[in-house]
Amino acid sequence: MSSSDIFIGETIGTAILILLGGGVCAAVTLKASKARNAGWLAIAFGWGFAVMTAVYIAGPLSGAHLNPAVTVALAVKDGEWSDVPVYFAGEFLGAMIGATLVWLAYYGQFLAHLTDREIVGGPGAQTTAAKAVEAQEKGAGPVLGIFSTGPEIRHTVQNLATEIIGTFVLLLAILTQGLNDAGNGLGVLGGLITALVVVSIGLSLGGPTGYAINPARDLGPRIVHALLPLPNKGGSDWSYAWVPVVGPLIGGALAAGLYNVAFA
C-alpha cells in the first residue's frame, strides 16, 4: 500500500466510523431526535455497525486500522513503524471530519437542544439529568458525550485501567483472527467479527468510561467540539482527555506483546 492509499483510506474510513458512531450518540442524546433516549443498547450496536461499515469501506485502500491503538499494536507485532505517522494523520483527520459531519447532520437538533432551558439552565429551569451529568463530569458540556467520552465516576487509575482492558480485548481479538483459516484470517467475515467484538466491549466494559478504545475517536471529535460554534456548549473536559488517548495505546501495545509471546 502506498502512503497516499493509506492516508486516503484511513481518512475516509475513520470519518465514516465517527459519522455513524457519533451519529447514534447524537440520535440518542438530542432532545428533538426521533431516537432520543433509545439507550445504551442502541449506542453499543450503533458503534459496532459503524466499525463494520468503515472497515469494509477502508479495507481495500489502507487495511482499515481506523484506530491509532490498532496501528501501534500492529507495529509492535511486526516491528514495522515506517507507516505509523501516515496512519495517525489519516485517523485523526478523519475523526475530525466525521465529527463535523455529525454536527451538520443534526444541526437543527443541536441548536434546539442547546437553547432549551431544561438542558442549559436559565430562569425557571429545573435540575435535569443532563445538568447533573454536566456537573459530575467537571467541565463537560451538555453535548460533549456526542463527541467524546467521559467517566461516570472520575477515578483516574480505574478510568485508565478500563480503557487499557477494553482496548486489550479488542486488539487481541483482531490479532488472533490471523490464526484462523490456516493463517489467512477470516476474510470478508473479519469486519463483522470485529464489529461484534466492539459491541461486546461496549455492553460489557463500556459502562465506566464510555469505551473510547480509540485515541482518534475521542481526541479528534473533542477538538471539533472545542472549535464548533455551538451555543451554550460548555467545556470540552480537557483534564480527562489524556485518558482515552493513553489508555488505548497502552492496551494495544500490551495485546501485541502478549500475541508475540503466546501466539507468534
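Preceding this section is the structure that the text describes.
Before going into details, it helps to say that this report is about the structure given with it. (Residues numbered from 1 in each chain as written. Predicted model: local features only at pLDDT ≥ 70, side-chain atom pairs only at ≥ 80, totals over all residues. Heavy atoms only, no water.)

**Considerations on the packing of helix H1 (residues 3-29) against helix H4 (residues 84-105)**
Then, number 1: Packing of H1 against H4 leaves a shortest axis separation of 6 Å and a crossing angle of 35 degrees. Judged by the sense of rotation from one axis to the other, the crossing of H1 with H4 is right-handed.
Then, number 2: Looking at the contact of H1 with H4 residue by residue, the class counts come to 15 nonpolar, eight polar and two charged. (Axes fitted to C-alpha atoms, helices over the stretch in contact; angles between N-to-C directions. Helix = DSSP H or I, 4+ residues; strand = E, 2+ residues; numbered from the N terminus. Left-handed = near helix turned anticlockwise from the far one by under 90°. Nonpolar A, V, L, I, M, F, W, Y, C, P; charged D, E, K, R; others polar.)

**What about the nonpolar core?**
Then, number 1: Ranked by size, the top nonpolar core spans 47 residues in total, and within it Phe110 and Phe147 carry the most contacts.
Then, number 2: The element that contributes the greatest number of residues to this core is helix H2 (residues 40-62), accounting for eight residues.
Then, number 3: Discounting residues that sit within four places of it in the chain, Phe147 has contacts with Ala99, Phe110, Arg217, Asp218, Pro221, Arg222, Val224, His225, Leu228 and Leu230. (Core = buried A, V, L, I, M, F, W, Y, C linked by side-chain atoms within 4.5 Å. Buried < 20%, exposed > 50% of the residue type's maximum accessible area, 1.4 Å probe, protein only. Contact = heavy atoms within 4.5 Å.)

**Observations regarding the pattern of salt bridges**
Then, number 1: Taken as a whole and judged by the stated rule, the model has four salt bridges.
Then, number 2: Between Asp78 and Lys77 there is a salt bridge; the shortest N-O distance is 3.0 Å.
Then, number 3: According to the relative accessible area criterion, Lys77 is partly exposed, its value standing at 26%.
Then, number 4: The partner of Arg154 in a salt bridge is Asp237, with the nearest N and O atoms 2.9 Å apart. In this pair, Arg154 sits in the loop between helix H8 (144-147) and helix H9 (156-176) while Asp237 sits in the loop between helix H11 (215-227) and helix H12 (243-262), placing the two residues 83 residues apart along the sequence.
Then, number 5: Judged by relative accessible area, Arg154 falls into the partly exposed class, the value being 28%. (Salt bridge = Lys/Arg side-chain N within 4 Å of Asp/Glu carboxyl O.)

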